[in-house]
Amino acid sequence: ATPTALLVGTGRGAQLGILIRGPEVLEASRGIDTVVLDKTGTVTTGAMKLAAMHSARAWAASVSSERDRADGGRDGGGHAGRDGDGDAGRDDDAELLRLAGALESASEHPIARAVTNAARETLGSTSGKLPAASDFTNHQGYGVSGTVSERLVMVGRRELLRQHGIELPAEVAGLLAQAESQGSTPVLVAVDGSFAGVLIVSDAVKDTSAEAVARFTAMGLSVVLLTGDNAGAAHRVAAEVGIEEVIAEALPQDKVEAILRLQEQGRTVAMVGDGVNDAAALAQADLGIAMGTGTDVAINAAGITVMRGDLRSVADALALSRRTLRVIR
Ligand code: ADP
Ligand code: MG
């Protein structure tokens, strides 16, 4: 090998905002045939927004009033269908958001930011600051729990509530399925051990992601979307950017497993991610690439960091390593 060419490649990368940990990283990228992309914050902006909210009590009232209605007219708009108890519904929604937002202010997950921002925006003028959370616990890949205003609050995916023996009303399944089929992420909330409601969040695909995926494909690379999010949200994003292979509902350890399984199939894998939950998979991959907009944990686990949070830089990085290695051999 010619170390000079590797050093030149590393220097060229720096000019392009592609930080390569060392010349050996370019050598390790030889033969990459598969690119695995994390969804949230990598393919999507990661700037999740609260799209809808259904507190258990207000929503139960709207479900029953819907049942009473002979014409069966559906209430797609959340608040719109509630008649007599509209004020109570709003109070319950506000309380749900206050507790969940206060707890999530201790987390850096994109979902947490969406919930806390919505809570601050909605309650800011009326209720002042969010209360403090104590006993905060991050259930990596599942959600969070803690104490807010002397109430035990839990926010996360349905498995988190199930693990803690919290039962969901039968009607919730339909609401979750509907949100997921629309590509959103439903987040469940429990208070003092009982189901308290659902927050529905979603984020947008970066406008550069589809172009990057097209470039990966043109380079002869297989592209896989890997996410802890639900299958509906994962498939919506995959379809939007032109990815056919999807692995969804992956816990952090499942992400490592997924990379291993691809490697066992004889594939040489580049993994691209930004989150704490991606770090182990980045380390396991033949080449780990972190988004410079992501967490330090991901950056430290990766061989390459692209400064711009733009997947086209990842395509640039792979093209650069190919060119550099071609000079050598
Ligand atoms: P991703 O691969 O999309 O970054 P994660 O592994 O971080 O996903 O999380 C998987 C799922 O766990 C999320 O889709 C969400 O349902 C739940 N979750 C994780 N952290 C939180 C949190 N702070 N608040 C609510 N839900 C969370
Ligand atoms: Mg992510």
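Further up the page is the structure itself.
Keep in mind it's a predicted model, so treat the numbers as computed, not measured.

## Describing the nonpolar core
Logical step 1: Counting residues in each nonpolar core, the largest one holds 54 residues, and the members touching the most others are Met 271 and Ile 289.
Logical step 2: Examining the composition of this core, we find that six residues originate from one element, helix 14 (residues 311-328), more than from any other.
Logical step 3: Contact partners of Ile 289, with chain neighbours within four places excluded, come to Ala 270, Met 271, Val 272, Ala 302, Ile 304, Val 306, Val 314 and Ala 317.
Logical step 4: Core analysis: the second largest hydrophobic core is formed by 38 residues, Ala 102, Ala 179, Val 187 and Val 191 among them.

## As for the site of ligand 1
Logical step 1: Taken together, 23 residues sit near ligand 1, with Thr 40, His 109, Gly 143, Arg 157 and Gly 228 positioned nearest.
Logical step 2: Secondary structure elements with two or more residues in the shell around ligand 1: helix 3 (39-43), helix 6 (110-127), strand 5 (143-148), strand 6 (151-156) and strand 7 (185-191).
Logical step 3: Among the residues making up the shell around ligand 1, the classes are represented as seven nonpolar, 11 polar and five charged.
Logical step 4: Lining the shell around ligand 1 are residues from two domains, each supplying at least three of them: domain 1 (3-45 + 205-328) and domain 2 (49-202).

## A few points about helix 10 (residues 231-241)
Logical step 1: Listing the buried residues of helix 10 in full gives Gly 232, Ala 233, Ala 234, Val 237, Ala 238 and Val 241.
Logical step 2: Those residues of helix 10 hidden inside the fold are in contact with helix 3, helix 8 (172-181), strand 7, helix 9 (209-218), strand 9 (222-226) and strand 10 (245-247).

Rules used throughout
- Residues numbered from 1 in each chain as written.
- Chains lettered and ligands numbered in written order.
- Predicted model: local features only at pLDDT ≥ 70, side-chain atom pairs only at ≥ 80, totals over all residues.
- Core = buried A, V, L, I, M, F, W, Y, C linked by C-beta atoms within 7 Å.
- Buried ≥ 20, exposed ≤ 12 C-beta atoms within 10 Å, placed from the backbone.
- Helix = DSSP H or I, 4+ residues; strand = E, 2+ residues; numbered from the N terminus.
- Contact = placed C-beta atoms within 7 Å.
- Near = placed C-beta within 6 Å.
- Nonpolar A, V, L, I, M, F, W, Y, C, P; charged D, E, K, R; others polar.
- Domains from an automatic or database assignment.

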